[in-house]
Amino acid sequence: MQVNALLMDEKDNVVTCVTDVPRGNDVVYQNENGEIISLKAQEDIPSCHKVALENIEKGGDVLKYGELIGRADREIKKGSLVNHENIHSVPRDYENELVEEDGKDAPEFVRTKEGLKFWGYRRAEGRPGIRNHVLILPGCACGSESARIVASQVRGAVNIIFNTGCSDVAANTAMSQKVLTGFACNPNVYGVVIIGLGCETVGHRQLREKIQKMTTKPVVSFGIQEEGGTLKTIEKAVRAAREMAAEAGEQQKELFDISELFLGIECGGSDATSGIASNPAVGELSDLLVDYGATSMMSESIEWIGAEHVVAKRAASRKIHNQIIEVCRDYEEHLKGAGQDCRAGQPTPGNKAGGLSTLDEKSLGCIRKGGKRPIVEVLEQAERPTRHGAIVMDTAGYDISSVTSMVAGGCQVIIFTTGRGTPTGNAIVPVMKVTANEYTYKHMEDNMDYDLSPIVRGEKTSKEMGKELLDEIIAISNGKLTKAEAYGFSDIAIDHVCRFV
């Protein structure tokens, strides 16, 4: 019999079907001993959805990945569908997950592999760039359209659309400034042309001065009101951007050790194939990079909730262990303070349609993309790392916002796993989209960069495909365009429900 379902751990009492299984047909899976086992589907089981391996009583634990993903709202018969309509998430006791700290810092990172290199652009400060953009940076929403027009006139220039900058509370303004300065300082940026209006909260000169305190890159700025309107501002900005682009074009690439690479890891539009296949493959990629001395970063902290105890076990120190637990506790308390329940808003409707029934199940699959190496640092959003190795960033529960924060934090490239598909890209950093959902890859091939569905079909392992992803990341670092990059996509979102400033 052909296997059509996957068992993720020997303790599990559900399997995930990887094809549609009509009622009365066999659900066929392989157990931990390699034995092929089958059971009759008692109802239609859609692809990516779970089926019970035994009778589960009302209130009984539902286990996947060897962990609790929820409890049954009613009795679930063996062979029946298990989904968001018959199980619910169980809140965790964060205080019991905290450990007594010993005052020791995380040990220094030690690389175990060497020899990989990539071609990049040297920067006076920090990591090299894998791109050499001139960034046209609006200081407020009123400068965004002018910035777009300027970028369209200069080859080598990119722009972002910034939708705020006025009439905001101080904490949100501070976060916006943190992100904008982070964009300017990203290694992929050669120089910056700022366009402001003149009456925004933080003027273009102030923003320029902030950036110049952090970098020696060329930075110029213009104010639309001061220059006499849009056309005059665009003319001056185009001339400045053209000069920068000419200078950037003269810079030669140099060969850098792979330890200088900083990878951001994100997921969005997840379904069951994300946790089963694409996230484990990216986790293998992350571990490979860390072993070579590079840095990889996982974010979107709401997707640790329900799996925070697993993430915390990877902490390189007791302090970091507690930081991870506290991030999840504080995030949930923050949402409660706004009258929101994170377990009601997650999973999203698309996640549920893709077979993810509870936040716990989604998180346990999401965290697999971060790999298994010790976590050496916990960052606030848009903050730059001080350590090499595996790190995590506390960001909002929205993929584009998380990507924005990681770009502001200085990553040069992002890998983005998806089950249901997404077109997301970023103007500053190439975003590589991967999926293990065969239908999604074929249906959205214009957006997907890599097909990981051989893992689901049993043709390749996550470890094998992790090595393939490493080759692809190096190719992108050497200049290969991702599909979103070729389209010129530029998605940003700044989390303005700020808990940090």
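Residues numbered from 1 in each chain as written. Predicted model: local features only at pLDDT ≥ 70, side-chain atom pairs only at ≥ 80, totals over all residues. Heavy atoms only, no water.

Colleague: What's the story with the pattern of salt bridges in this structure? I'm lost.
Modeller: Side chains bearing opposite charge may pair, as long as their charged atoms lie close to each other. A complete count under the given rule lists 28 salt bridges for this structure. The partner of Lys 40 in a salt bridge is Asp 26, and the shortest N-O contact between them spans 3.2 Å. In this pair, Lys 40 is assigned in strand E4 (residues 36-40) and Asp 26 in strand E3 (residues 26-30), connecting sequence segments 14 residues apart. Judged by relative accessible area, which is 47%, Lys 40 ranks as partly exposed. What makes Asp 26 partly exposed here is its relative accessible area of 26%. For Arg 131, the salt bridge goes to Glu 485, with nearest N and O atoms at 2.6 Å. Placement of the pair is Arg 131 in the loop between strand E10 (117-120) and strand E11 (133-138) and Glu 485 in helix H17 (residues 483-487), with a sequence separation of 354 residues. Exposure class is identical for Arg 131 and Glu 485. Each is buried. Salt bridges here are not isolated pairs; linked through shared partners, they connect Glu 438, Lys 442, Arg 457 and Glu 459. (Salt bridge = Lys/Arg side-chain N within 4 Å of Asp/Glu carboxyl O. Helix = DSSP H or I, 4+ residues; strand = E, 2+ residues; numbered from the N terminus. Buried < 20%, exposed > 50% of the residue type's maximum accessible area, 1.4 Å probe, protein only.)

Colleague: Is there a simple way to explain the sheet that holds strand E17 (residues 295-298) in this structure?
Modeller: By way of backbone hydrogen bonds, the strands of a sheet pair with one another, either parallel or antiparallel. A sheet is described by the order of its strands in space; here seven strands give the open sequence E18-E19-E17-E16-E20-E21-E22, paired in parallel fashion. Bordering the open sheet on either side are strand E18 (375-380) and strand E22 (450-451), each of which pairs with just one other strand. Two strands pair when backbone bridges link them, and strand E20 (residues 413-417) and strand E21 (residues 431-435) are joined in this way by four bridges, in the parallel orientation. The residue of E21 that forms the bridge with Ile 414 is Val 431. (Pairing = 2+ DSSP bridges.)

Colleague: I keep staring at a nonpolar patch on the surface and nothing clicks. Help me out?
Modeller: On the surface, Met 1, Val 3 and Ile 36 cluster together into a nonpolar patch covering about 290 Å² of accessible area. Note that Ile 36 resides in strand E4. (Patch = residues over 30% accessible without salt bridge, like charges linked within 9 Å, V, L, I, M, F, W, Y side chains within 5 Å. Areas by Shrake-Rupley, 256 points an atom, 1.4 Å probe, with all protein chains shown as cover.)

Colleague: Would you mind going over the sheet that holds strand E12 (residues 157-159) with me for this structure?
Modeller: Spatial ordering of the open sheet is given by E12-E11-E13-E14, a layout of four strands whose pairing is parallel. Taken across any chain shown, the strands that pair with only one partner, and hence form the sheet edges, are E12 and strand E14 (219-223). Here the average twist between neighbouring strands, direction ignored, is 20°. Relative to E12, E11 runs parallel, the two sharing three bridges. The residue bridging Leu 135 from the neighbouring strand is Val 158, located in E12. Across the sheet, helix H6 (residues 230-250) touches E11, strand E13 (189-196) and E14, and the angle it forms with E13 is around 175°. (Axes fitted to C-alpha atoms, helices over the stretch in contact; angles between N-to-C directions. Contact = heavy atoms within 4.5 Å.)

Colleague: Hey, could you run me through the packing of aromatic side chains in this one?
Modeller: Counted by the stated rule, this structure contains two aromatic pairs. Seen from their ring centres, Tyr 487 and Phe 489 are 5.2 Å apart, and the 40° between their planes marks the pair as tilted. Given the relative accessible area of 42%, Tyr 487 is considered partly exposed. (Phe/Tyr/Trp six-rings, centres within 6.5 Å; stacked < 30°, edge-to-face > 60°.)

Colleague: Hey, could you run me through helix H4 (residues 204-214) in this one?
Modeller: The α-helix advances 3.6 residues per turn, and as a result positions three or four apart in sequence lie on the same side. Among the residues of H4, His 204, Leu 207 and Ile 211 are the ones counted as buried. Each buried residue of H4 lies within a common arc of 65° when the element is viewed along its axis, so the set occupies one face. The secondary structure elements touched by the buried residues of H4 are E11, helix H3 (170-185), E13, E14 and helix H5 (224-227). (Arc of directions from axis to C-beta.)

Colleague: I keep staring at the environment of Arg 92 and nothing clicks. Help me out?
Modeller: Considering the arrangement of structural elements, one finds Arg 92 in the loop between strand E9 (87-88) and helix H1 (94-97). Sequence-wise, Arg 92 and Ile 305 are 213 residues apart; in three dimensions their C-alpha atoms are separated by 8.6 Å. If sequence neighbours within four positions are ignored, Arg 92 has contacts with Glu 97, Gly 306, Glu 308, His 309 and Arg 343. A distance of 2.6 Å separates the side chain of Arg 92 from the side chain of Glu 97, its partner in a polar contact. A distance of 2.5 Å separates the side chain of Arg 92 from the side chain of Glu 308, its partner in a polar contact. (Polar contact = N/O pair within 3.5 Å; in protein donor to acceptor, adjacent residues only side chain to side chain.)

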